[in-house]
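The chain contents come next:
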Amino acid sequence: MTTERTTRLVSLAAGLLVLASFSYSLLNPASRRCQTGRLGPNRRFIQENERPGQPIVVFPIFAAMALPYHYRGQNQILPAENFFEFATGASIGSAASAVKEIDHVISQIPDDAADVWLATGEACQTTQACVPLDNFVMANYTIVIEKEFYLEKLFLLRRRTP
C-alpha cells in the first residue's frame, strides 16, 4: 500500500468515527435526560401535581429565567427579576456563599401561600451553598413531596402552622 492511500484510509476512518460519535450524541435521548438545568422533567412533574396557589420558587435565581419558556401551568414562578444581582461574598460553595441570594429568594415567597414548590439546582446537591435555604425550609415548612432529578431536586413544601 502506498503512503498516500494509507493517509486517505486513515482520514476516512477518522471522519467516520467523528460522524458516528456526533450522530450518536444527537440521536440518543438518554443524554438529553441526564443534563442538569433542562427543566423538562421538573416542569412536567409540577404540572401533573400542582394546584392553584402554589408558587414555584427556583434556586439558584438565574435558573428561574428559563422555566417560563417550558412551564405551562397555573402558578407563578419566583423570583421574576434580579437574576444576576448577587455576587458571592465567601468561598464558592460554602454555606455563606449564597446568603444574599437565598435571602432574596425567601423574600419572594408570598405570605399567603400555604404550599410552595421549591426547585433547587446542582449547587444544593454538591456543595454547602444551600445550608441557609435548607435551614429556612426545615424551620418553616414540612416536605410533602421530594423528587430527585439529575443534580436537581424538587420539593412541594407546606407551611407549618404555629
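Thresholds, definitions, all that
Residues numbered from 1 in each chain as written. Predicted model: local features only at pLDDT ≥ 70, side-chain atom pairs only at ≥ 80, totals over all residues. Heavy atoms only, no water. Phe/Tyr/Trp six-rings, centres within 6.5 Å; stacked < 30°, edge-to-face > 60°. Lys NZ or Arg CZ within 6 Å of the ring centre and 35° of its normal. 1 Å grid on protein atoms, 1.4 Å probe; cavity = no way out; pocket = protein on both sides within 12 Å on 5 of 7 lines; lining within 4 Å. Points joined across faces, edges and corners; volume = space filled by probe spheres on them. Helix = DSSP H or I, 4+ residues; strand = E, 2+ residues; numbered from the N terminus. Disulfide = S-S within 2.5 Å. Buried < 20%, exposed > 50% of the residue type's maximum accessible area, 1.4 Å probe, protein only. Axes fitted to C-alpha atoms, helices over the stretch in contact; angles between N-to-C directions. Contact = heavy atoms within 4.5 Å. Nonpolar A, V, L, I, M, F, W, Y, C, P; charged D, E, K, R; others polar. Pairing = 2+ DSSP bridges. Patch = residues over 30% accessible without salt bridge, like charges linked within 9 Å, V, L, I, M, F, W, Y side chains within 5 Å. Areas by Shrake-Rupley, 256 points an atom, 1.4 Å probe, with all protein chains shown as cover. Salt bridge = Lys/Arg side-chain N within 4 Å of Asp/Glu carboxyl O.

**Observations concerning the packing of aromatic side chains**
- Under the counting rule described, the total for this entry stands at two aromatic pairs.
- Positioned above the aromatic ring of Phe 149, the side-chain terminus of Lys 147 is 5.9 Å from the ring centre.

**Points about empty space enclosed by the protein**
- For the coordinates displayed, the defined rule picks out one cavity of 30 Å³ or more.
- Counted as a void, the largest cavity has a volume near 50 Å³.
- If you go around the largest cavity, the residues you meet are Val 57, Val 105, Ile 106, Ile 109, Val 116, Leu 118, Leu 133, Phe 136, Val 137, Tyr 141 and Leu 157.
- Mapped by element, the contributors of at least two residues to the lining of the largest cavity are helix 5 (99-108), strand 3 (115-120) and helix 7 (131-140).
- Examining the composition of the lining of the largest cavity, we find that three residues originate from one element, helix 7, more than from any other.

**What to know about the state of the cysteines**
- Taken as a whole and assessed by the stated rule, the structure comprises one disulfide.
- Note on cysteine connectivity: Cys 124 is disulfide-linked to Cys 130, with sulfurs 1.8 Å apart. Residues Cys 124 and Cys 130 are joined by a disulfide whose S-S torsion is about -55°; by sign, that bridge is left-handed.
- Note on Cys 124: relative accessible area 16%, which makes it buried.

**A short note on the packing of helix 5 against helix 7**
- Relative to each other, helix 5 and helix 7 sit at 30°, their axes nearing to 9 Å. For the pair helix 5 and helix 7, contact is made by Val 99, Ile 102 and Ile 106 and by Pro 132, Leu 133 and Phe 136, respectively.
- A breakdown of the residues in the contact of helix 5 with helix 7 according to their chemical character gives six nonpolar, no polar and no charged.

**Quick notes on helix 5**
- Here helix 5 has its buried residues at Glu 101, Ile 102, His 104, Val 105 and Ile 106.
- Buried positions along helix 5 lie against strand 1 (56-59) and helix 7.

**A look at the pairing of strand 3**
- With six of its six residues buried, strand 3 lies for the most part within the structure.
- Burial along strand 3 is two-sided: Asp 115, Trp 117 and Ala 119 facing one way and Val 116, Leu 118 and Thr 120 facing the other are all buried.
- Both strand 1 and strand 3 contribute to a ladder of four bridges, which runs parallel. Along strand 3, the bridge assignment pairs Val 57 with Leu 118.
- Alignment of strand 3 against strand 5 (residues 152-159), held across six bridges, turns out to be antiparallel. Along strand 5, the bridge assignment pairs Asp 115 with Arg 158.

**With respect to unusual backbone geometry**
- In this model, Phe 59 is joined to Pro 60 through a cis peptide bond whose omega is 5°.
- By the secondary structure assignment, Pro 60 is in the loop between strand 1 and helix 4 (67-70).
- Put simply, Leu 78 and Pro 79 share a cis peptide bond, and its omega is -10°.

**Observations regarding a nonpolar patch on the surface**
- On the surface, a cluster of nonpolar side chains totalling about 300 Å² of accessible area is made up of Leu 12, Leu 16 and Leu 19.
- In this fold, Leu 12 is placed in helix 1 (residues 3-27).

The values reported here are purely geometric and, on their own, carry no functional implication.
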